[in-house]
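# Residue-level structural notes
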Amino acid sequence: GVCGGVFGRPGRGRADHFVLAEGERLAGGGGLGLRDRGYSPVFGILRILNLAHSAFYALGANLILVFVSIQFGIQYALILSIIITGLVAMSFDRYLLSPLRNRQGSGIMSLITAIGFSYVIQNLLVAFLGSQRRPFPNVLDFGPVVLFGHRFQSSQLMLLFISLILLVILSL
């Protein structure tokens with residue numbers, strides 16, 4: 001069948017594949033929705049299109065990998081990564097974006113500054129950590145979960161669940 005292997009039961013056919021594919025899309029869409037929810041207040045309140053978000057995500061994820069590789073433990077790695085990434089983002093806002101907010105026509109300058117800072121972070125990550133792919137610790141995977149007769153990875157369901165909760169909280 002189309003869905004043999006990691007997901008589903010072999011030999012079930014197109015309907016099974018459709019349900020599983022939709023589950024994967026919902027999990028991925030939850031992450032995208034959460035990311036876009038982060039863009040809205042930044043642009044809506046500050047009137048700045050900050051495209052450095054992806055670089056901050058990459059910095060945070062790579063910091064977690066570094067801390068886990070030196071045996072900090074995933075909990076401490078998450079906390080340290082959040083603190084360091086937050087400090088970098090706050091410094092970026094204070095020293096690079098804040099001076100541009102008071103200038104007339106600063107929209108394009110802020111956009112160029114954000115893109116430039118994003119390149120700086122990306123290049124520093126490549127310079128210090130390399131560009132090879134590294135596996136991320138699978139802390140949200142508790143094995144397969146069967147829902148409605150279909151088998152899903154628990155990490156996908158956790159991503160969807162956490163995204164929905166955070167989206168509701170951010171919408172309040």
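In short, a report on the structure. (Residues numbered from 1 in each chain as written. Predicted model: local features only at pLDDT ≥ 70, side-chain atom pairs only at ≥ 80, totals over all residues. Heavy atoms only, no water.)

What follows covers the packing of aromatic side chains. Inspection of every chain in the model, using the stated rule, returns four aromatic pairs. For the pair Phe-56 and Phe-117, a centre-to-centre distance of 6.0 Å together with 50 degrees between the ring planes defines the contact as tilted. Residue Phe-56 is found in helix H2 (residues 53-69), and its partner Phe-117 is found in helix H4 (residues 107-129); the two are separated by 61 residues along the sequence. The same class applies to Phe-56 and to Phe-117, which are both buried. Taking the centre distance of 5.3 Å and the plane angle of 20 degrees together, the rings of Phe-67 and Phe-72 count as stacked. Joined through ring pairs, the aromatic side chains of Phe-56, Phe-92 and Phe-117 make up one cluster. (Phe/Tyr/Trp six-rings, centres within 6.5 Å; stacked < 30°, edge-to-face > 60°. Helix = DSSP H or I, 4+ residues; strand = E, 2+ residues; numbered from the N terminus. Buried < 20%, exposed > 50% of the residue type's maximum accessible area, 1.4 Å probe, protein only.)

Bringing the nonpolar core into the picture now. One finds Ala-52, Phe-56, Leu-59, Phe-92, Phe-117 and Ile-121 to be the most contacted residues of the largest nonpolar core, which totals 14 residues. Taken together, the elements giving at least two residues each to this core come down to H2, helix H3 (74-101) and H4. Broken down by element, this core gets its largest block of residues, six residues, from H2. (Core = buried A, V, L, I, M, F, W, Y, C linked by side-chain atoms within 4.5 Å.)

Once that is clear, we can look at the packing of H3 against H4. Following both chains from N to C, one finds H3 and H4 inclined at 150 degrees, their axes separated by 10 Å at the closest point. By the angle between their directions, the pair H3 and H4 is classed as roughly antiparallel. In this structure, H3 crosses over H4, and the sense of that crossing is right-handed. Along its contact with H3, which presents Val-88, Phe-92, Leu-96, Leu-97 and Leu-100, the element H4 presents Met-109, Ser-110, Thr-113, Ala-114, Phe-117 and Ile-121. Grouping the constituent residues of the contact of H3 with H4 by class yields nine nonpolar, two polar and no charged. (Axes fitted to C-alpha atoms, helices over the stretch in contact; angles between N-to-C directions. Parallel < 35°, antiparallel > 145°, perpendicular 65-115°, else oblique. Left-handed = near helix turned anticlockwise from the far one by under 90°. Contact = heavy atoms within 4.5 Å. Nonpolar A, V, L, I, M, F, W, Y, C, P; charged D, E, K, R; others polar.)

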